[in-house]
Amino acid sequence: MNRRSRRDVGLGILGVLLALGACEAVSRAGIVHRTYLPPASDVLARAVHLAGDSAFLDGIGATVRAWALGLALACAIAVPVGLLLGSVPVVDAAVRAIVEFLRPLPSVALIPLVSLLLGAGTETEVALITYASVWPILFNTMYGLGESEPLAKDTLRAFGFGRTAVLLRVELAGAAPFIAAGIRISAAVALILAVATELLSGFGEGLGIFIAQAQLATDGTRDVLAGVVWTGALGLVVNGVLVWGERRLFPWTPERRAART
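What comes next concerns the included structure. (Residues numbered from 1 in each chain as written. Predicted model: local features only at pLDDT ≥ 70, side-chain atom pairs only at ≥ 80, totals over all residues. Heavy atoms only, no water.)

1. Some points on the overall build of the chain
Then comes step 1: In terms of regular secondary structure, the chain is built from 11 helices and zero strands.
Then comes step 2: Evaluated residue by residue, the chain yields a buried proportion of 38% over its 261 residues.
Then comes step 3: Relative to all contacts within the chain whose residues are 6 or more apart in sequence, the contacts with residues 24 or more apart total 68%.
Then comes step 4: On the chain, roughly 14800 Å² of surface is accessible, and the fraction owed to carbon and sulfur atoms is 69%. (Helix = DSSP H or I, 4+ residues; strand = E, 2+ residues; numbered from the N terminus. Buried < 20%, exposed > 50% of the residue type's maximum accessible area, 1.4 Å probe, protein only. Contact = heavy atoms within 4.5 Å. Areas by Shrake-Rupley, 256 points an atom, 1.4 Å probe, with all protein chains shown as cover.)

Here you go:
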């Protein structure tokens with residue numbers, strides 16, 4: 001880790017400590033009643049205590065499974081479709097209106113419709129996660145194809161390689177960092193939607209169900225915030241793993257070279 005990375009990590013930790021200290025002081029001083037804002041130390045203690053609760057860990061496992069399956073399906077759909085739309089302008093022009101119509105639809109608003117079609121269960125959660133996660137990967141794939149090196153493509157064509165070979169050997173390799181960035185964005189979207197779907201739909205098990213049940217309990221704010229802490233921790237872990245993977249797989253990108261200087 002270089003000096004810049006260490007500085008960024010240090011500033012991030014400092015910001016978290018300041019935020020926790022402010023919440024602790026506000027609650028302890030009585031500025032906000034503990035029913036609405038428990039001390040940060042109590043919330044963190046409760047979050048640590050939940051790590052030993054097997055039922056809570058099973059709920060986390062259910063959320064992670066739905067998240068992983070939805071994200072995997074989104075990748076399986078978005079990458080081939082993005083390659084098709086990005087490499088065949090006629091197809092892109094034909095379906096552009098449909099894509100632009102579907103893309104702005106909020107996935108959370110589709111919960112009643114999808115629940116009616118698929119029933120109350122994991123299928124609905126996975127379907128919504130997949131729908132929301134497709135778009136960043138799809139558009140990043142298309143954008144990455146547009147940024148591929150023209151000279152490399154012309155060189156392969158000059159040696160007699162066909163359209164498919166150029167796509168797989170040059171364009172897909174050039175678009176890979178963009179696809180990875182899209183997957184990282186979609187991973188965060190998928191986790192948010194997994195918890196939100198559980199929270200709003202009220203079926204199944206998972207972090208969202210735990211938070212929904214906690215907010216209905218008397219003095220359940222501490223459990224709600226502890227669930228939020230776990231959700232944020234999962235998001236940090238997922239993002240950290242994906243960023244690490246990008247740095248290992250694509251060290252030649254300008255952002256990675258600048259980070260090492």
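Alright, that's what it looks like, and here's the rest.
2. Some points on helix α6 (residues 122-146)
Then comes step 1: Helix length check: α6 (25 residues) gives 37 Å between terminal C-alpha atoms against 36 Å at 1.5 Å per residue, within 8%.
Then comes step 2: The largest bend in α6 is about 30°, located at V134, with the proline P136 one to four residues further on.
Then comes step 3: In terms of residue burial, α6 counts as a mostly covered element, since 19 of its 25 residues are buried. (Expected span 1.5 Å × (residues − 1). Bend = angle between axes of the 7 residues up to and from the residue.)

3. Thoughts on a nonpolar patch on the surface
Then comes step 1: Residues V9, I13, V16, L17, L20, L44 and V229 make up a contiguous nonpolar surface patch of roughly 550 Å² in combined accessible area.
Then comes step 2: Top element by residues in the nonpolar patch is helix α1 (residues 3-28). It accounts for five residues.
Then comes step 3: Along the chain, V9 turns up in helix α1. (Patch = residues over 30% accessible without salt bridge, like charges linked within 9 Å, V, L, I, M, F, W, Y side chains within 5 Å. Salt bridge = Lys/Arg side-chain N within 4 Å of Asp/Glu carboxyl O.)

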